[in-house]
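Here is how the chains run, residue by residue.
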Amino acid sequence: EILFSLSSLPPAVAGPESYTMQITTSGTTITGTDAPGLFHGFMSFIGLLDVTNSDRMTLKEMTVYDKPRFGYRGHQVDVARNFRSKDAIMKTIDAMALWKLNVLHLALTNDEGWRLEIPGLEELTSVGSKRCFDPNENTCLLTQLGSGPDAEEEQYYTREDYIEILKYAGERNVKILPEFNMPAHARAAVISMEARAKKGDDSYRLTDPEDETFMLTIQFYDRTSIINPCLDSSVRFVEKLVREVKQMHDEAGIPLDSYHFGGDEAKNILLGAGYASYSDELKQQPFSKSPSCQAKLDADSSFDIENIANYWAITVNKILAENEIKEMVAWEDGLRGTTKEQYETESVAVDFWETLYWGGINGLADMSDDGLDIIMANPDYLYFDFPYEVDPTERGYYWAARFNSVHKVFTFAPENLAQNAETSLDRDGNEMSVTTPSIPKPTIRGMQGQTWSETIRTDAQYYEMAFPRVLAVAERAWHRASWELDWTPGKVFNATTGLVPKDELASDYNGFVSALGCREAFKLEKLGITYRVPPPGASIDSSGILTANSEMPCTDIMFSIDEGDTWIKYSNPVGVGVGKVVFMRSTSSNGVLKSRVVIIDEECNDCGEKEDTQMSNGGNINRDPTIPTTGNGGTSTDVQNPGYSFGTNCGKSLFRTRYFGYLFLFGSWLSHLL
């Protein structure tokens, strides 16, 4: 028997989304401060059950006290650059609820696509959601991102799709945060409204046809990728957009409380460093030659053409406030230079996406002074369109980090940014030295992982890039680890400071990755999420003995001595013969998912998965006994008995509390309990 109760909780655990769970011989009682707390408590109870065991299970008596570290625990999915199916979004929501993430930041628009039907603005999807070879872009956007010349399929969510997604997420304690990026990264919208204007209706036009400004955006588009903020029709477009999206939320019974403005990279990159070869006459401020903006400059002396993003943010924020939307969220550079007092919504939050090694901690200090809520979204730790490891066959960009492994995401300290200089390297593999600014600790509202999709074409590729890194974000967002140090003004961190308790960190990661490989991966499989299986690491000694391990315990390591024609399961060091070349790969426990193949020989004594050498668990042969190896012959006791033991728990690791499968039969009722 399971009883649910809404009640106040002890001070140590009291707060939004918190709960207690008591399991005794007479039954289980879950007490929450609110409906989300009860939901999390039930998820924790289900998580105690063995997903691989369909027989009767016996649970130990225990008392759990639990509450989240952050109120904002997010995951961003870019569906604009390359589209994600509705099914992929639904599975993502299931996984988020499973691991207690509560905000799905849905990036619905960008230069390369518009992905939501807006009644009355049909061109946004009839033109902006498809790509083909139409030089005038009257019927589609030009082909890009590898889509080919004839990819004319319209790829977007209908109004009904979006309402269904909202309801589905609401039943699982996940809030949808829709992003309509502007003024920059808006080429799909601008071109779509130009197609409309060519048919005779310029009431929602987003670019000044007489503008002769020469500019180049960060992704090498011209001025048609930035909404002209000086046009009345641009304001009219946003007013229409906000009304229609709000109406969808109202119809779903899910209020539009938060709206993501975007706001990033509204600039002419020729004005920055690195473009000396361009003549000065081409280095123009955005819209500096727009007659509409010149008229606004003449009429309003406060209008600052050099801060277009700030001006447009304040303009859009006013529209949001007029529509009773409580919060505006933006990428931090779009609001940099403004303060909370300039906005009319109750709350203003920023996704902080500066890199640590490029001075990001100073940017964090500046944003803290501006009074805006801060959500950590650092690309050098939390971008999932970067490779898992340093290998040319790995998918992803590397402009901010050469790799973002599960280990690197897990060890990210969101509330003490300088600490990360001791536990990681910069993009080029160099050590960092970072000094904590002499200001009070910034208030961090939350954190989220980002899955941008320029290099992610399919749903399967998305699953592989996002999972299991999403689980590491969920861990850090729910629980502050013992090895995370307090923000201390003036404190210096680098590779040699030795301030971070590495033994505690290694032990914590050992438990995490053991639970991930031996328990949580099964749940991903049941959700139909084809997560990444890391390749093994291995070496062959001079006597021909092959030794191997895997980053993820409980995966099977396979090897082949005939170039992949036949595969043998690895369990212990094995003789393969002197001078042999061995193919190796890992497979999921059900044998369905496979890693890429790595090739091992005697000359390669450090082959397979590569990691940060400072704090590596990697796929290389482990020299540190605190780092887990696989369950097939490995030495880690956590592999044989994965996970953490229960007991009195307040704010402990989320991997102690999980669920699977049928929990959502309960979710709809619970979410409407109040």
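Residues numbered from 1 in each chain as written. Predicted model: local features only at pLDDT ≥ 70, side-chain atom pairs only at ≥ 80, totals over all residues. Heavy atoms only, no water.

For the rest of this paragraph, the subject is the overall build of the protein. Counting secondary structure elements, the protein contains 18 helices and 25 strands. For the protein, buried positions account for 59% of its 674 residues. Looking at the protein alone, contacts between residues at least 24 apart form 73% of all its contacts between residues at least 6 apart. Here the protein displays about 25400 Å² of accessible surface, and carbon together with sulfur accounts for 48% of that area. (Helix = DSSP H or I, 4+ residues; strand = E, 2+ residues; numbered from the N terminus. Buried < 20%, exposed > 50% of the residue type's maximum accessible area, 1.4 Å probe, protein only. Contact = heavy atoms within 4.5 Å. Areas by Shrake-Rupley, 256 points an atom, 1.4 Å probe, with all protein chains shown as cover.)

Attention shifts here to the layout of surface pockets. Approximately 1200 Å³ is the volume attributed to the largest pocket. Lining of the largest pocket is provided by 42 residues; of these, Ile218, Glu265, Lys267, Asp333 and Trp353 occupy positions nearest its centre. Listing elements by their share of the lining of the largest pocket, those giving two or more residues are α8 (308-322) and α9 (332-335). Split by residue class, the lining of the largest pocket holds 17 nonpolar, 14 polar and eleven charged. (1 Å grid on protein atoms, 1.4 Å probe; cavity = no way out; pocket = protein on both sides within 12 Å on 5 of 7 lines; lining within 4 Å. Points joined across faces, edges and corners; volume = space filled by probe spheres on them. Nonpolar A, V, L, I, M, F, W, Y, C, P; charged D, E, K, R; others polar.)

It is worth spelling out the state of the cysteines at this point. The full count for this structure, using the stated rule, is three disulfides. Across the disulfide, cysteine 230 is cross-linked to cysteine 293 (sulfur-sulfur distance 2.1 Å). What sets the handedness of the cysteine 230 and cysteine 293 disulfide is the S-S torsion sign, and at about 100° it is right-handed. Taken together, the residues cysteine 230 in the loop between α5 (187-198) and α6 (232-252) and cysteine 293 in helix α7 (residues 291-299) connect sequence positions 63 residues apart. A single burial state applies to cysteine 230 and to cysteine 293, both of which are buried. (Disulfide = S-S within 2.5 Å.)

Of all hydrophobic cores here, the largest spans 127 residues; its most connected members are Trp114, Leu116, Met182, Phe237 and Phe467. Residues Ile23, Phe39, Phe45 and Leu49 belong to the second largest nonpolar core, which totals 16 residues. (Core = buried A, V, L, I, M, F, W, Y, C linked by side-chain atoms within 4.5 Å.)

Quick look at empty space enclosed by the protein now. Using the criterion set out here, one finds five cavities of 30 Å³ or more in the structure. Computed from the structure, the largest cavity encloses a volume of approximately 60 Å³. Taken together, Tyr388, Val406, Pro468, Tyr509, Val513, Leu516, Arg532, Pro534, Glu551 and Met552 make up the full set of residues lining the largest cavity. Sorting elements by how many residues they give to the lining of the largest cavity places helix α16 (residues 502-527) first, with three residues.

With that out of the way, let us pick up the sheet that holds strand β25 (residues 598-600). Pairing within the open sheet is antiparallel, and its four strands lie in the order β22-β21-β24-β25. The open sheet has two free edges, formed respectively by β22 (568-570) and β25, since each of these has just one partner strand. Direction aside, neighbouring strands of the sheet carry axes that sit 40° apart on average. (Pairing = 2+ DSSP bridges. Axes fitted to C-alpha atoms, helices over the stretch in contact; angles between N-to-C directions.)

Attention shifts here to α8. Structurally, the α-helix is built with 3.6 residues per turn, so residues lying three or four positions apart point the same way. When the terminal C-alpha atoms of α8 are compared, their 21 Å separation across 15 residues agrees well with the 21 Å that a helix rising 1.5 Å per residue should span. Along α8, the residues that are buried comprise Ile308, Ala309, Asn310, Trp312, Ala313, Thr315, Val316, Asn317, Ile319 and Leu320. The secondary structure elements touched by the buried residues of α8 are β11 (175-182), α6, β12 (258-262), β13 (327-331), α9 and β14 (347-352). Just past α8, the residue glutamate 324 takes up positive phi, approximately 60°. (Expected span 1.5 Å × (residues − 1).)

With omega at 0°, the peptide bond leading from methionine 182 into proline 183 counts as cis. Within the secondary structure, proline 183 is located in the loop between β11 and α5. Cis rather than trans, the peptide bond between phenylalanine 467 and proline 468 has omega equal to 15°. Within the secondary structure layout, proline 468 lies in the loop between α14 (459-466) and α15 (469-478). Positive phi values are uncommon outside glycine, yet glutamate 265 reaches one of about 55°. Mapped onto the fold, glutamate 265 is located in the loop between β12 and α7. The exposure class of glutamate 265 is buried, given its relative accessible area of 16%.

This part is about the sheet that holds strand β20 (residues 545-549). Two strands in a sheet stick together by hydrogen bonds in their backbones, pointing the same way (parallel) or opposite ways (antiparallel). Taken together, the three strands give an open sheet; going across it, the order is β19-β20-β23, and neighbouring strands pair in antiparallel fashion. The sheet is open, and its two edges are formed by β19 (537-540) and β23 (574-575), each paired on a single side.

Right, let's get into the pattern of salt bridges. Under the definition given, this model contains 37 salt bridges. A salt bridge links arginine 336 to glutamate 332; its shortest N-O distance comes to 2.9 Å. Its relative accessible area of 41% is what places arginine 336 among the partly exposed residues. With relative accessibility at 1%, the residue glutamate 332 sits in the buried group. A salt bridge links arginine 596 to aspartate 391; the nearest nitrogen and oxygen atoms lie 3.6 Å apart. Placement of the pair is arginine 596 in the loop between β24 (582-587) and β25 and aspartate 391 in the loop between α11 (379-382) and α12 (406-410), with a sequence separation of 205 residues. Via salt bridges that share partners, Arg69, Glu415, Lys441, Arg476 and Glu484 belong to a single interconnected network. (Salt bridge = Lys/Arg side-chain N within 4 Å of Asp/Glu carboxyl O.)

Now for the environment of asparagine 323. Mapped onto the fold, asparagine 323 is located in the loop between α8 and β13. Along the backbone, asparagine 323 and lysine 246 are 77 residues apart, and their C-alpha atoms lie at a distance of 8.2 Å. Other than its neighbours up to four places away in sequence, asparagine 323 contacts Val242, Arg243 and Lys246.

Moving on, we get to a nonpolar patch on the surface. Where nonpolar side chains cluster on the molecular surface, the patch consists of Trp358, Tyr397 and Trp399 and spans about 330 Å² of accessible area. Relative to the assigned elements, tryptophan 399 resides in the loop between α11 and α12. (Patch = residues over 30% accessible without salt bridge, like charges linked within 9 Å, V, L, I, M, F, W, Y side chains within 5 Å.)

The end-to-end C-alpha separation of α5 is 16 Å, in line with the 16 Å expected for twelve residues at 1.5 Å each. For α5, the set of buried residues is Arg187, Ala188, Ala189, Val190, Ile191, Ser192, Met193, Glu194, Ala195, Arg196 and Ala197. Looking at the buried residues of α5, the elements they touch are β7 (109-110), β8 (113-114), α3 (123-126), β10 (141-142) and α6. Looking at the residues trailing α5, positive phi occurs at glycine 200, about 110°.

Right, let's get into the side chain of threonine 217. Tracing the chain through its elements places threonine 217 in the loop between α5 and α6. Setting aside its immediate chain neighbours within four residues, threonine 217 contacts Asp222, Ser225, Ile226, Lys267 and Ile269.

Fair warning: the whole summary comes from geometry, so function is off the table for now.
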